[in-house]
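Structural characterization, general
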Amino acid sequence: MHTTAIRRIGVDAANHFLVTASNDKAARVWELPTGRLLRVLRPPIGAGNEGKLYAVAISPDGQTIATGGWTRFKWEKTHSIYLFDRESGRLLRRIKGLQNVVNHLVYSHDGRYLAATFGAEKGVRVYQTATYIKVGEDRDYGAPSFGADFDAANRLVTTSFDGFIRLYEVGGNASEEAGLRLVAKQKAQGGSLPFDVKFSPDSSLVAVGFNDSTKVNVLSGRDLSLLYAPDTSGVNNGNLFKVAWSANGKILHAGGIAAGANSHRFIRAWTNGGRGSYRDIVLDATNTIQHILPLRNGGLVYCTSDPAFGVLDSDNRHILFTASGIADYRDNWDGFLLSADGETVQFGYEQFGKIPARFSLSERRLLVAPQSATAGAALLQPPLTETEEFAISDWKYTYEPKLDEKPLKIKQHEMSRSLAIASDASTFLLGTEFLIRLFDRNGKEQWNVPAPGVAWAVNISADGRLAVAAYSDGTIRWHRMTDGQELLAFFPHEDQKRWVVWTPSGYYDASPGAEDLIGWHVNNGLDQAADFFPVAQFRDTYYRPDIIAKILQTGDEARALELANQESGRKKQEADIAQQLPPVVEIISPSEGSEFSAGQITIHYRIRTPSGEPVTDVKTLLDGRPIGAREHFDETTTEDVRALQLTLPERDSAVTIIAANRFSESVPATVQLRWRSLEPRALKFVDRTSAKSDVIRPKLYILTIGVSQYANEKFNLKFADKDAGDFVNVMLAQKDLLYRDVIIKKLTNEEAIKDEILDGLDWIRKETTSNDVAMVFLAGHGINDQNNYYYFCPHNVIPDRLFRTGIAFSDIKNAMSAIAGKAVFFLDTCHSGNSLGLAPRGMLDINKVINELSSAQNGVVVFSASTGSESAFERDDWHNGAFTEALVEGLSGAADLLKKGNVTCATLNVYIAERVKELTEGQQHPTMISPQTVPDFPIAVKR
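Keep in mind that this is a model prediction, so the values were computed, not measured.

Quick look at the overall build of the protein now. From N to C terminus, the protein includes 12 helices and 69 strands. Its C-alpha atoms give the protein a radius of gyration of 30 Å, within 12% of the compact-globule value 30 Å for 943 residues. Considered along the principal axes of its C-alpha atoms, the protein spans approximately 90 × 80 × 55 Å. Among the 943 residues that make up the protein, the fraction classed as buried is 59%. Pairs at least 24 apart in sequence give 53% of the contacts found in the protein among residues at least 6 apart.

So, in structure tokens, the structure goes:
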């Protein structure tokens, strides 16, 4: 989902696709009515505002997407409109040479024209879409224009902040003089800043919303004369500046800043085209409504600044609401707390500080829930907003903050949002709509830094070294007080589990499953779409928790890198991202959602190599697991097109292609295919839990390893071996239920030596077929060496000789990734790594193991007893570790949360997480991560 405000949306004529454009510099294509994300469109971007998208439109046939905004590059000094192919995501062409930002885009109903309105006084332009040559423009505007709409006869109506509504005829001989003719121009009534404008379906009426007024006006579609104003009584806390007619023209809708109870936005709907009574439709969104469009069935689609979008049916009921995955830091000034050294921060996931949470950089730990987030709050301090030395006033939601009653110098239209005064009162930090600014006590600005979003809250560490800001893109960022240089950025996902923190150069630390939350945007010039690579593609270079731990202490990224390398013995790496880029795979055919009715199909695809490194391997996955495929070059095309011939099962399937070079694997390219049987089949009842069922059920292969008794007795645990046995017993009960057989290899205590474990991994890799399920259960000690590389500890481990006596993670990964069938890995090895005497606290870290195993190229579903540097608990009253206690309960049926008679990976995850939290009083946080290419599947049935 987008991370900042969605500014505009577009819908094709058939209502198959929704496209959204955002300040986060990307456009996204969604399937209607499901809301499934189909593609992300990435124009070239730059620093600061460069690349923010304010406008988007999709052609009526759904083939072309136009988007624009702040798209001016320093070397061109003009703005552009980008035209993308919706199906492939390719950038088709660029309309360049525009003199100001693009505020709005709209296609004509017949798709022949594209109109664009601009900032400043640059007016409106119209392009014919056969070649996207300009056919007309009007620059006689006195202010920016934010609204435009076509009617069925290709007339165009626009608004402008100069106060005028303008009506044009479009057509003629396609010359600039004849292509756009002004036929009416009226001064708006009811407000001086007309914003949005829409024709009624029959073209007889024009609705107008205002930026500076609660009014909505309805004008004549013939000459723009005022006809009537719908009832806007009760709208007293904002505006209704966005308008839309229903598909049949009977209902007029409007929404905007105006909010109802609990800050929820509403859309006001008037009957009789705005003349009749009204109803306020309360939305789940809590931020400004930015755009509203009608749907063919009488419903609506809208977008907001949350960011969010929603779909209403003809009865005004929500059938889809897609919200952001970001925390909402609004109106939580006093709840934005900071430790004296700046390494611990407290915030709220929801507006007004609801759902408080705390993140500690030193512990690499996120604590969520009121009881845990308020404990020890006395050690954290809110921002100081008052001092005896001077007075700062009018800093909340105003354009004129004051120091001792004198206005501070900020930009026009730059709203002040937050304030923090240094503990010695020598300086103060002002967070605004666009920047964070540091002033001295006399009001002289010391520095300013462009903000990635609104600075909802700011704070200054008590030691005066760090400025910290909470932004509207969901990030919290640490800045150096001396010059404003950004040191770290932290993103807590709204799911309250995943988090990622990174430096400006890209070194990062991440919780399990969080590596896809950030990545590298790589421009490919101004006339090609950009590429995006999640940070996981560069894990070996950039996953550096040791650097993250030192950066706030040193206040300098280069120094933190130097110290971390000295401690770990790593050589300094010149992290040139351009040389490490992986290949890029594009599936050409079949298209997404295509049907197939024969088992054998051909996949055509193309591979690009941005870094120039040759492709060393191509993997093909079916529903996330490797399959054999025959590849050949398609001789019928002139492009470098490859083809794969596959035999697919008679069911819906997902085919994934991953290419690799010597540095990394590509982002997976996946196509979802739907099975369509050509022969109708008689329905029959199938008892999937019966041994007599005629369904061919899978075999289950289990390798279970539990080490409680070590050769060195001081490493001993209590229940690791029992955990392994209890897991085997609960899964053996699935024989003749979900599985036709359950085959076990069990290694505990003295049996679990290195050679036997390696043999076991080799056994399960060889035995499991593509129709089977493989499970590996690992309980005992785990260790990270000085280079943060993970080893499992067999019975005879020698901690200072891990390479010779430990089970290297690479051996586990190679075996698990090569399994032909579904692969599930249970990991319970975080039993107080200090007891092995290898390293100080914090060295035991399994996040990298979880993220790498569960990546698409390895395709393993991973359950972990804990995360990061947490310890996994075991107690006498459980007779198990907490993780296994919950795991066995869940597999025995307690995780049948949907009451369907089975336990899936997803439902087991939910049950284990809650049960372990209960058992350990919130001290242990198990997790499950499933590759994006592997759909959820049942792993046990309830008797």
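Since the α-helix turns once every 3.6 residues, residues separated by three or four places project in the same direction. Taking 1.5 Å of rise per residue, the 13 residues of helix 6 (residues 720-732) would be expected to cover 18 Å, and the 19 Å separating its terminal C-alpha atoms lies within 8% of that figure. Every buried residue of helix 6 is listed here: Ala 720, Asp 723, Ala 724, Gly 725, Asp 726, Phe 727, Val 728, Val 730 and Met 731.

The strand order across the open sheet formed by 4 strands is 9-10-11-12, and the pairing between neighbours is antiparallel. Whereas interior strands pair on both sides, the edge strands pair on one side only; in this sheet they are strand 9 (102-107) and strand 12 (133-138). The mean inter-strand angle of the sheet, taken between neighbouring strand axes irrespective of direction, is 20 degrees. In this structure, strand 10 (residues 113-118) lies alongside strand 11 (residues 124-128), joined through 5 bridges in antiparallel fashion. Each bridged residue has a counterpart across the sheet, and for Ala 116 the counterpart in strand 11 is Arg 125.

Time to look at the pattern of salt bridges. Using the criterion set out here, one finds 48 salt bridges in the structure. The shortest N-O distance in the salt bridge between Lys 402 and Asp 394 comes to 2.9 Å. The class of Lys 402 is buried, set by a relative accessible area of 16%. Residue class for Asp 394 comes out partly exposed when judged on its relative accessible area of 38%. A salt bridge links Arg 477 to Asp 473; its shortest N-O distance comes to 3.3 Å. Pair check on accessibility: Arg 477 and Asp 473 agree, each one buried. Via salt bridges that share partners, Arg 125, Lys 134, Glu 137 and Arg 139 belong to a single interconnected network.

With that settled, the discussion passes to the sheet that holds strand 68 (residues 927-929). Either a parallel or an antiparallel arrangement is found when strands of a sheet pair, and the pairing is made through backbone hydrogen bonds. Pairing in this open sheet of 6 strands is mixed, and the strands run 58-57-59-63-64-68 from one edge to the other. Edge positions in the sheet fall to strand 58 (741-748) and strand 68, since each has one partner strand and no second. Sheet twist, expressed as the average angle between the axes of neighbouring strands with direction ignored, equals 10 degrees. Sheet topology places strand 57 (residues 699-706) next to strand 59 (residues 773-779); 7 bridges connect them, and they run parallel. Each bridged residue has a counterpart across the sheet, and for Leu 703 the counterpart in strand 59 is Val 776. Relative to strand 63 (residues 822-828), helix 9 (residues 809-817) is tilted by about 155 degrees, and along the sheet it contacts strand 59 and strand 63.

Here the focus is the environment of Phe 164. Positionally, Phe 164 belongs in strand 15 (residues 164-170). For the pair formed by Phe 164 and Ala 882, sequence separation is 718 residues and the distance between their alpha carbons is 69 Å. Apart from the residues lying within four places of it in its own chain, the contact partners of Phe 164 are Thr 158, Thr 159, Lys 185, Gln 186, Lys 187 and Pro 194.

Let us look at the confidence of the model for the protein. Scored by pLDDT, the protein has a mean of 91; 93% of the residues are at 70 or more. Between residues 837-843, whose pLDDT stays under 50, and residues either more than four places distant or in other chains, the model counts 15 contacts.

Our next topic: the pairing of strand 30 (residues 344-350). With 6 of its 7 residues buried, strand 30 lies for the most part within the structure. Relative to strand 30, strand 29 (residues 337-338) runs antiparallel, the two sharing 2 bridges. Within strand 30, the position partnered with Leu 338 by the bridge is Val 345. Adjacent in sequence and paired antiparallel, strand 29 and strand 30 are bridged by 5 residues, among which Gly 342 carries a positive phi angle near 80 degrees. Direction of pairing for strand 30 relative to strand 31 (residues 354-360): antiparallel, over a ladder of 6 bridges. Of the residues in strand 31, the one forming a bridge with Thr 344 is Ser 360. Remark: 3 residues form the turn of the hairpin made by strand 30 and strand 31, two consecutive strands paired antiparallel; Phe 352 in that turn has positive phi of roughly 70 degrees.

Turning next to unusual backbone geometry. For residues that are not glycine, phi is negative in most cases, and the peptide bond is trans in most cases. At the junction of Leu 32 and Pro 33, the peptide bond is cis and its omega measures out at 5 degrees in the coordinates. Within the secondary structure, Pro 33 is located in the loop between strand 3 (27-31) and strand 4 (37-41). Cis peptide bonds are those with omega within 30 degrees of zero, and the linkage from Asp 306 to Pro 307 qualifies with 5 degrees. Assignment of secondary structure puts Pro 307 in the loop between strand 26 (300-304) and strand 27 (308-312). Backbone geometry at Arg 364 places phi at a positive 55 degrees, although glycine is not the residue there. Positive phi is not limited to glycine here, since Glu 405 has a value of about 70 degrees. By the element assignment, Glu 405 lies in the loop between strand 34 (402-403) and strand 35 (406-407). When its relative accessible area of 60% is taken as the criterion, Glu 405 is described as exposed.

Right, let's get into the packing of helix 3 (residues 545-554) against helix 4 (residues 557-568). When two helices pack together, their arrangement is given by the angle between the helix axes and the distance between those axes. In contact at an axis separation of 8 Å, helix 3 and helix 4 are set at 130 degrees when each is read in the N-to-C sense. On the basis of the axis angle, helix 3 is oblique to helix 4. Along this stretch, helix 3 crosses helix 4, giving a crossing that reads as right-handed. On the side of helix 3, the interface is formed by Asp 546, Ile 547, Lys 550, Ile 551 and Thr 554, while helix 4 contributes Glu 557, Arg 559, Ala 560, Leu 561, Leu 563, Ala 564, Glu 567 and Ser 568.

Before going further, it helps to examine the side chain of Glu 515. Here Glu 515 is to be found in the loop between strand 45 (508-510) and strand 46 (519-522). Separated by 2.6 Å, the side chains of Glu 515 and Tyr 508 make a polar contact. Here Arg 539 takes part through its side chain, which lies 2.8 Å from a polar atom of the side chain of Glu 515. When neighbours within four sequence positions are excluded, Glu 515 is seen to be in contact with Tyr 508, Ala 510, Pro 534, Val 535, Ala 536, Arg 539 and Asn 851.

All right, on to the nonpolar core then. The biggest cluster of nonpolar side chains holds 82 residues, and the ones touching the most others in it are Met 775, Phe 825, Phe 826, Phe 863 and Leu 908. Ranked by size, the runner-up nonpolar core spans 50 residues in total, among them Tyr 329, Phe 347, Val 500 and Val 522.

Our next topic: empty space enclosed by the protein. Under the counting rule described, the total for this entry stands at 2 cavities of 30 Å³ or more. Put simply, the largest cavity is a space of about 40 Å³. Lining the largest cavity are Asn 784, Asn 788, Tyr 789, Tyr 790, Phe 809, Asp 845, Lys 848 and Val 849. When its residues are assigned to classes, the lining of the largest cavity shows 4 nonpolar, 2 polar and 2 charged.

Conventions used here
- Residues numbered from 1 in each chain as written.
- Predicted model: local features only at pLDDT ≥ 70, side-chain atom pairs only at ≥ 80, totals over all residues.
- Heavy atoms only, no water.
- Helix = DSSP H or I, 4+ residues; strand = E, 2+ residues; numbered from the N terminus.
- Rg over C-alpha atoms; globule rule 2.2 N^0.38 Å.
- Buried < 20%, exposed > 50% of the residue type's maximum accessible area, 1.4 Å probe, protein only.
- Contact = heavy atoms within 4.5 Å.
- Expected span 1.5 Å × (residues − 1).
- Pairing = 2+ DSSP bridges.
- Axes fitted to C-alpha atoms, helices over the stretch in contact; angles between N-to-C directions.
- Salt bridge = Lys/Arg side-chain N within 4 Å of Asp/Glu carboxyl O.
- pLDDT = per-residue confidence, 0-100.
- Parallel < 35°, antiparallel > 145°, perpendicular 65-115°, else oblique.
- Left-handed = near helix turned anticlockwise from the far one by under 90°.
- Polar contact = N/O pair within 3.5 Å; in protein donor to acceptor, adjacent residues only side chain to side chain.
- Core = buried A, V, L, I, M, F, W, Y, C linked by side-chain atoms within 4.5 Å.
- 1 Å grid on protein atoms, 1.4 Å probe; cavity = no way out; pocket = protein on both sides within 12 Å on 5 of 7 lines; lining within 4 Å.
- Points joined across faces, edges and corners; volume = space filled by probe spheres on them.
- Nonpolar A, V, L, I, M, F, W, Y, C, P; charged D, E, K, R; others polar.

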